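# Summary of structural features
Residues per chain, in single letters:
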Amino acid sequence: LKLWCLGWKDNIPSLPPLPKAGYRISSLIFNNALYVFGVGGSSDYVLSLDVTNAKTENVKKRKWVQLASIPDVPFKPLPVAYGQSIFLFDGGAGGDCIKEAQMYNPHLDHWTMISPMPLACSGGAAVLLNETIYVFGGEVQCAMAYCPVNDQWRVLSPPSNRFIDASAVAWQGKLLVNGNGCFEEYDPQTDSWTQKPEFALKGKALMLATFTEIPRG
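In short, a report on the structure.

Thresholds applied
- Residues numbered from 1 in each chain as written.
- Predicted model: local features only at pLDDT ≥ 70, side-chain atom pairs only at ≥ 80, totals over all residues.
- Heavy atoms only, no water.
- Helix = DSSP H or I, 4+ residues; strand = E, 2+ residues; numbered from the N terminus.
- Buried < 20%, exposed > 50% of the residue type's maximum accessible area, 1.4 Å probe, protein only.
- Contact = heavy atoms within 4.5 Å.
- Areas by Shrake-Rupley, 256 points an atom, 1.4 Å probe, with all protein chains shown as cover.
- Pairing = 2+ DSSP bridges.
- Core = buried A, V, L, I, M, F, W, Y, C linked by side-chain atoms within 4.5 Å.
- Salt bridge = Lys/Arg side-chain N within 4 Å of Asp/Glu carboxyl O.
- Axes fitted to C-alpha atoms, helices over the stretch in contact; angles between N-to-C directions.
- Polar contact = N/O pair within 3.5 Å; in protein donor to acceptor, adjacent residues only side chain to side chain.

Our focus in this paragraph is the overall build of the chain. The helix and strand tally for the chain stands at zero helices and 16 strands. The buried share of the chain, taken over its 217 residues, is 43%. In the chain, the share of contacts with a sequence separation of at least 24, taken over all contacts with a separation of at least 6, comes to 44%. Accessible area for the chain stands at about 11900 Å²; split by element, carbon and sulfur atoms hold 52% of it.

Now the structure itself:
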């Protein structure tokens, strides 16, 4: 696991501005494209941008592509890529969170409803490890595992902490979850949690993220 601290002066390629506003935006890179899921603005949207050769070419001149709308709009989109699809869950806040889950096929620009989450996931996070997608509650102490192959859920042991605006990454065969200054590590083999206070930085708000290397075209 490499931890990167990106400051305002770091050399990060500029992207074209989003054509629409959104209060709650999530994104991921999948097959050399940046997908953006925006909700809560004047209209909900899904956009994609070709980011091939983003390090060497001026991607700011490229155009965003409008994609099919999300059938059941989540309060806080939690996108996870698996296989040739993008799975979307809701990590909304309080009573605004929905349990519906959806799968997007980028090649067909088509959405399909999948089995709903067994628990609401307020302020949560979602991450892929091996062949399983894990969804963790933020303000609600809960954990779930989704198998994309058979479209089935399992309820897991809950974390000890409540995470506000949770984030999560796969790390050394386990999952590291953070939020509200707390870190916990989940072990899928034993369905158990371990406190990780050594990752916390006093007085700092941290967010875990996975960095994707964009290959050259």
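Resuming the write-up.
Our focus in this paragraph is the sheet that holds strand S3 (residues 45-50). Across the sheet, which stays open at both edges, the four strands sit in the order S1-S2-S3-S4 with antiparallel pairing between neighbours. With partners counted over all chains shown, the strands left at the sheet margins are strand S1 (24-30) and strand S4 (65-66), one partner each. Across six bridges, strand S2 (residues 33-39) lies against S3 in antiparallel orientation. By the bridge assignment for S3, Gly38 is matched with Tyr45.

Structurally, Leu47 can be placed in strand S3. Judged by its relative accessible area of 1%, Leu47 falls in the buried class. Placed 20 residues apart in sequence, Leu47 and Ser27 show a C-alpha to C-alpha distance of 9.4 Å. When neighbours within four sequence positions are excluded, Leu47 is seen to be in contact with Leu18, Pro19, Leu34, Tyr35, Val36, Trp64, Val65, Gln66 and Leu67.

Grouped together as the largest cluster of nonpolar side chains are 16 residues, with contacts concentrated most on Phe89, Val135 and Trp153. Those elements that place two or more of their residues in this core are strand S5 (77-82), strand S6 (85-90), strand S10 (132-136) and strand S11 (143-147). Counting residues per element, this core draws most heavily on S5, which supplies three residues. In terms of nonpolar packing, the next biggest core, distinct from the first, is built from 15 residues, Val127, Ala145, Ala166 and Tyr186 among them.

Quick look at the pattern of salt bridges now. Taken as a whole and judged by the stated rule, the model has two salt bridges. Across the salt bridge formed by Arg62 and Asp50, the nearest N and O atoms sit 3.9 Å from each other. On the criterion of sequence distance, the pair formed by Arg62 in the loop between S3 and S4 and Asp50 in strand S3 is long-range, its members being 12 residues apart. For Lys174, the salt bridge goes to Glu185, with nearest N and O atoms at 3.7 Å. Note that Lys174 is positioned in strand S14 (residues 174-179) and Glu185 in strand S15 (residues 182-187), a separation of 11 residues in sequence. The class for Lys174 is partly exposed, based on a relative accessible area of 28%.

Moving on, we come to the sheet that holds S6. With antiparallel pairing, four strands are arranged side by side in an open sheet as S5-S6-S7-S8. Edge strands, defined here as strands with exactly one partner in the open sheet, are S5 and strand S8 (110-114). Between one strand axis and the next, the sheet turns by 25° as a mean value, whatever way the strands run. Pairing of S6 with strand S7 (residues 101-105) involves three bridges; the strand directions are antiparallel. Its bridge partner being in S7, Leu88 is matched across the sheet by Gln102.

Here the focus is the environment of Trp111. Position of Trp111 relative to the elements: it lies in strand S8. The sequence separation of Trp111 and Phe87 amounts to 24 residues, and the corresponding C-alpha distance is 9.5 Å. The contact partners of Trp111, leaving out residues within four places of it in the chain, are Phe37, Val46, Ala68, Ser69, Ile70, Pro71, Leu88, Gln102, Met103 and Tyr104. There is a polar contact of 3.0 Å between the side chain of Trp111 and the backbone oxygen of Ala68. Within polar-contact distance, the side chain of Trp111 engages the backbone oxygen of Ser69 at 3.3 Å.

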